[in-house]
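# An overview of the molecular structure
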Amino acid sequence: MPSIEKHRTVSLERTGKDYMEVHAWLDGNPEKKAERHDITKIYKHEKLIWEVYGEEGLQEYMRHIHDDLKAKFEHIRQDLDKTIADTLAYFGVK
Ligand SMILES: [Zn+2]
């Protein structure tokens, strides 16, 4: 998944603000990181983010979740592609 610094850079390029506090809130505490990325809790979290950072901050929060999700599934796809290739090679299929 993208680092906090990468998220910060993307926000800065998109909005002119880095929204570091939003990204640090999401990724900065290892004990709460999974809970704060839980998409079943977006409605709970979006209210908190919107109250503090407004509509643009909320968009950056949603974009952070989107970018993490996309990166995670890309990693899974790459692992799956490698596993398939390794399995085919094992059986002599190329
Ligand atoms: Zn994250």
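Remember, predicted model here, so these are calculated numbers, not experimental data.

Moving on, we get to the environment of Ser3. Along the polypeptide, Ser3 turns up in the segment before helix H1 (4-15). Judged by the 10 C-beta atoms lying within 10 Å of it, Ser3 falls in the exposed class. Once the C-alpha coordinates of Ser3 and Leu58 are considered, the two residues, 55 residues apart in sequence, prove to be 19 Å apart.

Moving on to the nonpolar core. Core analysis: the largest hydrophobic core is formed by six residues, namely Tyr19, Val22, Trp25, Leu26, Ile49 and Tyr61. For this core, the elements supplying multiple residues, two or more each, are helix H2 (20-27) and helix H4 (42-90). Ranked by the residues each element gives to this core, the list is headed by H2, at three residues. Each residue touching Tyr19, except ones within four places of it in the same chain, is listed here: Ser11, Tyr53, Gly57 and Glu60.

Thresholds, definitions, all that
- Residues numbered from 1 in each chain as written.
- Predicted model: local features only at pLDDT ≥ 70, side-chain atom pairs only at ≥ 80, totals over all residues.
- Helix = DSSP H or I, 4+ residues; strand = E, 2+ residues; numbered from the N terminus.
- Buried ≥ 20, exposed ≤ 12 C-beta atoms within 10 Å, placed from the backbone.
- Core = buried A, V, L, I, M, F, W, Y, C linked by C-beta atoms within 7 Å.
- Contact = placed C-beta atoms within 7 Å.

None of this, on its own, says anything about what the molecule does.
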